[in-house]
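Close look at the chain arrangement
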Amino acid sequence: MNFHIAVIPGDGIGPEIMDQALLVLKEIGSIYHHEFRFSEVMMGGCAIDKKGEALPQEDLTICLKSDAVLLGAVGGEKWDHLPGDQRPERGLLRLRKELGSYANIRPAVLYKELKDACPLKSEIIGEGIDLCVVRELTGGIYFGEKGRRRGTMGEQAYDIEIYSETEIESIARTAFEVARKRNKKVTSIDKANVLESSRLWRSVMEKVAGEYDDVVLNHMYIDNAAMQLIKNPSQFDVIVTTNMFGDILSDEASMITGSIGILPSASLGEGKIGIYEPIHGSAPDIAGLDLANPIGMILSAAMMLRYSFDLESEAKSIENAVVNILGKNIRTRDIMGEGMHLVGTKEMGKLIADELR
């Protein structure tokens, strides 16, 4: 089969971890007789420096015409002085909006090989952690009306949280469909005791749940959910929540797995075109030093094979290769432990590609 992939190396460590993901994809293509055609796209700080904007129209067009988008990382301190609407992250927000990628799927799995890297006590970890955060991605406070004005106590700033019934229905169905492939349990996170937007969120979640008799739905307030993720993470299967709450909880969930360097994510919409990226940032302090962990980027490529291309066996092959390498006590610096064998970015990518054979 032939697939066209828009490749966004981005900023910081993005290009070097992307190289390893492409190496693995080329190996998968060779083994399973697929052809992956890669078109490089400029987005982020590098695009601002060279073209004057975070996502030029010609680069966006390449993404819109692709079968999927692979993204390394964007942003960095170099561009933090810019106004909010001119920063590298605006390119990502525009890309999500143009592709209609309203659902961010972030699996958080604690591999037994990395159990010692988890900051939680062993009695809390139990048999392990395997949950998935489904975050609404194109609505809520991030996209609501915002501005500044004069008030009685000086300058005021406001950001408005708005959700429509249709938006909530869409993310609810995504969460229930993901749960059907897992342990059939959805926990919806809101603040319905205070926020009107959360009260609508909860009522729509309950309505959509009626379409999924095989999935159990329960509700939890955001403050309690943040605590329960630390106190008893194994109670969760699929967590679904708003853009802002999901931003916070997905990062919290990632840290209890040992390292943000190993976790992938997928941003999906109604069609098959998705945006696949590791959850970590651009880490400019280690860029170019062969220190970055490429596993999150490689596993993001595996998610692309599964969700956009329906290549389950190929995706599983990559995931198994990663687990096998970890089982051989091979580590990058961020997950290094006593008695482990330290490798750099390039070597980790090569070893995973070799393991596929």
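The structure under discussion appears in the preceding block.
We now turn to the structure provided with this report.

The rules behind the values
- Residues numbered from 1 in each chain as written.
- Predicted model: local features only at pLDDT ≥ 70, side-chain atom pairs only at ≥ 80, totals over all residues.
- Heavy atoms only, no water.
- Helix = DSSP H or I, 4+ residues; strand = E, 2+ residues; numbered from the N terminus.
- Buried < 20%, exposed > 50% of the residue type's maximum accessible area, 1.4 Å probe, protein only.
- Contact = heavy atoms within 4.5 Å.
- Disulfide = S-S within 2.5 Å.
- Pairing = 2+ DSSP bridges.
- Right-handed = clockwise from strand over helix to strand, strands pointing away.
- Patch = residues over 30% accessible without salt bridge, like charges linked within 9 Å, V, L, I, M, F, W, Y side chains within 5 Å.
- Areas by Shrake-Rupley, 256 points an atom, 1.4 Å probe, with all protein chains shown as cover.
- Salt bridge = Lys/Arg side-chain N within 4 Å of Asp/Glu carboxyl O.
- Lys, Arg positive; Asp, Glu negative; His and termini not counted.
- Charge placed at Lys NZ, Arg CZ, Asp CG, Glu CD.
- Axes fitted to C-alpha atoms, helices over the stretch in contact; angles between N-to-C directions.
- Parallel < 35°, antiparallel > 145°, perpendicular 65-115°, else oblique.
- Nonpolar A, V, L, I, M, F, W, Y, C, P; charged D, E, K, R; others polar.

As a further point, take the side chain of Glu 27. Counting through the fold element by element, Glu 27 comes out in helix H1 (residues 14–32). Accessibility expressed as a relative area gives 14% for Glu 27, which makes it buried. Apart from the residues within four sequence positions on either side, Glu 27 is in contact with Ala 353, Leu 356 and Arg 357.

This next bit is on the state of the cysteines. Taken as a whole and assessed by the stated rule, the structure comprises zero disulfides. Sulfur of Cys 118: no disulfide; nearest cysteine sulfur belongs to Cys 132 and is 18 Å away. Residue classification places Cys 118 among the buried residues on the basis of a relative accessible area of 8%.

Another point: the pairing of strand S2 (residues 35–40). Relative to S2, strand S1 (residues 2–10) is paired through six bridges, and the arrangement is parallel. In the sheet register, Phe 3 faces S2, and the bridge partner there is Phe 36. For the crossover that starts at S1, traverses H1 and ends in the parallel S2, the hand is right-handed.

Together, Glu 77, Asp 80, Glu 89 and Asp 285 make up a negatively charged patch on the protein surface. Counting through the fold element by element, Asp 285 comes out in the loop between strand S12 (275–278) and helix H10 (295–307). Look at Asp 285 and you get exposed, because its relative accessible area is 63%.

Attention now goes to the packing of helix H8 (residues 222–231) against helix H9 (residues 243–255). Interaxial distance between H8 and H9 falls to 10 Å at its minimum, and their mutual angle equals 10°. What the angle tells us is that H8 and H9 run roughly parallel. Between H8 and H9, the contacting residues are Ile 222, Ala 225, Ala 226, Leu 229 and Ile 230 on the first element and Phe 245, Leu 249, Glu 252 and Ala 253 on the second. Residue composition of the contact of H8 with H9, grouped by class: eight nonpolar, no polar and one charged.

Glancing now at the sheet that holds S12. Judged by pairing direction, the sheet is mixed, and its 10 strands sit side by side in the order S2-S1-S3-S12-S11-S4-S5-S10-S8-S9 without closing on themselves. Here the strands that pair on one side only, and so sit at the sheet edges, are S2 and strand S9 (216–221). Across the sheet, the mean angle separating the axes of adjacent strands is 25° when strand polarity is ignored. Pairing of strand S3 (residues 68–73) with S12, which is carried by two bridges, proceeds in the parallel orientation. Within S12, the position partnered with Val 69 by the bridge is Ile 275. The sheet contacts of helix H4 (residues 89–99) involve S1, S3, strand S11 (264–268) and S12, and relative to S12 the element is tilted by about 145°.

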